[in-house]
Amino acid sequence: MNYKIHLDKFEGPLDLLLYLIKKNDIDICDIPIAVITDQYMEYIEMMKMLDLDVVGDFLVMAATLMQIKSRMLLPPDPLAGPDAADPRQELVDRLKEYEQFKLIAEGLKSKELHRQSLFSRMVDEEKLNEIKEDSQEVLFEATLFDLISALSEALKHVPEREDYQISKEEYTIEGKIHELLHFLVEKPRLSLMDLFRRSTCKEEAVCTFVAVLELIRLREIVVIQHRHFEDIEIVHNTANETPAG
């Protein structure tokens, strides 16, 4: 399968580090660099395998993590004293600053969504109750890292092919896209892990993953979670539908 993925919107290296810190329930001021670096590199390897066009943005941070990891392995300088600078401090400061910016941005987005829920003219009472009822379900949009994490977990359980005969490619991105859209007609929500479990080999699982990314890019679907780091659901993006004329 040769299919270069270009993403219009993606999370960057600091987002991945914050994602790993939260997923592992780690104190941002006391990051176990060796553990985080190893996990960070695993995500980069997955991105390389998927041929994501954002890999280059993550390599500089990978070098920074490796440098910090090396400095942490060195014995403390006896001349520096107890007040010697922690090799992680600069990274911690960057992460805390970036996290603050993200919280501010999320706060502004929340206010915008709240403003959209206000109506300046009379609305049908039944429709208003319907909107209120729908808004009771709290959902989180899954990130690229959630998707990669789900694929990585799924690939551990997908069987390896035992047939090494050269044959025509069985799976195509276009075919998987049509298959996913057909499933969404029959069922409003699909579990991403259930889709991966249908795969008979790693090639099919990766093909399904790329099809999901392409549908996200085309705004045909949204990927959601009821709680962070839990199962991901695929939902048809009704907001992208063009009303029939």
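Whatever comes next refers back to the structure up there.
Throughout what follows, the structure given in this document is the object of discussion.

## Considerations on the pattern of salt bridges
For the structure shown, the criterion picks out 11 salt bridges. Between E179 and K176 there is a salt bridge, and its shortest N-O distance comes to 3.1 Å. Within this pair, E179 and its partner K176 are both found in helix 7 (residues 173–186), separated by three residues, close to a single helical turn. A relative accessible area of 34% places E179 in the partly exposed class. Salt bridges linked by common partners bring D30, D86 and R88 together as one network.

## A look at the pairing of strand 4 (residues 233–236)
Strand direction decides the pairing type here: strand 2 (residues 189–191) and strand 4, joined by three bridges, are antiparallel. Each residue of the ladder has a partner; that of L190, found in strand 4, is I234. Bridge analysis of strand 3 (residues 221–225) against strand 4 gives four bridges, and the strand direction is antiparallel. The partner of I221 across the bridge, within strand 4, is H236.

## Description of the environment of L218
Within the element layout of this structure, L218 appears in the loop between helix 9 (202–217) and strand 3. On the basis of relative accessible area, L218 is assigned to the partly exposed category, the value being 39%.

## Concerning a nonpolar patch on the surface
Nonpolar side chains collect at one region of the surface, where F101, I104 and L108 lie side by side and expose about 340 Å² of accessible area between them. Positionally, L108 belongs in helix 4 (residues 89–116). On the basis of relative accessibility, which here comes to 55%, the residue L108 falls in the exposed class.

## Topic: the environment of L213
Tracing the backbone through its elements, the reader meets L213 in helix 9. Considered as a pair, L213 and I177 are 36 residues apart in the sequence and their alpha carbons are 9.8 Å apart.

## Re the nonpolar core
The biggest cluster of nonpolar side chains holds 64 residues, and the ones touching the most others in it are L17, Y40, L52, L95, I148, F196 and I234. Looking at this core element by element, the count peaks at nine residues for helix 9. Beyond its immediate chain neighbours, meaning those up to four positions away, L17 contacts I36, Y40, M61, L65, L91 and L95.

## Section: the layout of surface pockets
Taken as a whole, the second largest pocket spans an internal volume of roughly 400 Å³. Secondary-structure elements contributing two or more residues to the lining of the second largest pocket are helix 1 (13–23), helix 2 (33–50) and helix 6 (144–155). By residue number, the principal contributor to the lining of the second largest pocket is helix 6, which donates six residues. Here the residues of the lining of the second largest pocket sort into nine nonpolar, five polar and seven charged.

## Considering helix 9
An α-helical turn contains 3.6 residues, so a residue and the one three or four places further along point in the same direction. Here helix 9 is 16 residues long and its end C-alpha atoms lie 23 Å apart, about the 22 Å a rise of 1.5 Å per residue gives. The buried fraction of helix 9 amounts to 12 of the 16 residues, a majority that puts the element mostly inside the structure. Three or more residues of helix 9 are buried, namely E204, A205, V206, C207, T208, F209, V210, A211, V212, L213, E214 and L215. Phi turns positive, to about 60°, at R219, one or two residues after helix 9.

What counts and what doesn't
- Residues numbered from 1 in each chain as written.
- Predicted model: local features only at pLDDT ≥ 70, side-chain atom pairs only at ≥ 80, totals over all residues.
- Heavy atoms only, no water.
- Salt bridge = Lys/Arg side-chain N within 4 Å of Asp/Glu carboxyl O.
- Helix = DSSP H or I, 4+ residues; strand = E, 2+ residues; numbered from the N terminus.
- Buried < 20%, exposed > 50% of the residue type's maximum accessible area, 1.4 Å probe, protein only.
- Pairing = 2+ DSSP bridges.
- Patch = residues over 30% accessible without salt bridge, like charges linked within 9 Å, V, L, I, M, F, W, Y side chains within 5 Å.
- Areas by Shrake-Rupley, 256 points an atom, 1.4 Å probe, with all protein chains shown as cover.
- Core = buried A, V, L, I, M, F, W, Y, C linked by side-chain atoms within 4.5 Å.
- Contact = heavy atoms within 4.5 Å.
- 1 Å grid on protein atoms, 1.4 Å probe; cavity = no way out; pocket = protein on both sides within 12 Å on 5 of 7 lines; lining within 4 Å.
- Points joined across faces, edges and corners; volume = space filled by probe spheres on them.
- Nonpolar A, V, L, I, M, F, W, Y, C, P; charged D, E, K, R; others polar.
- Expected span 1.5 Å × (residues − 1).

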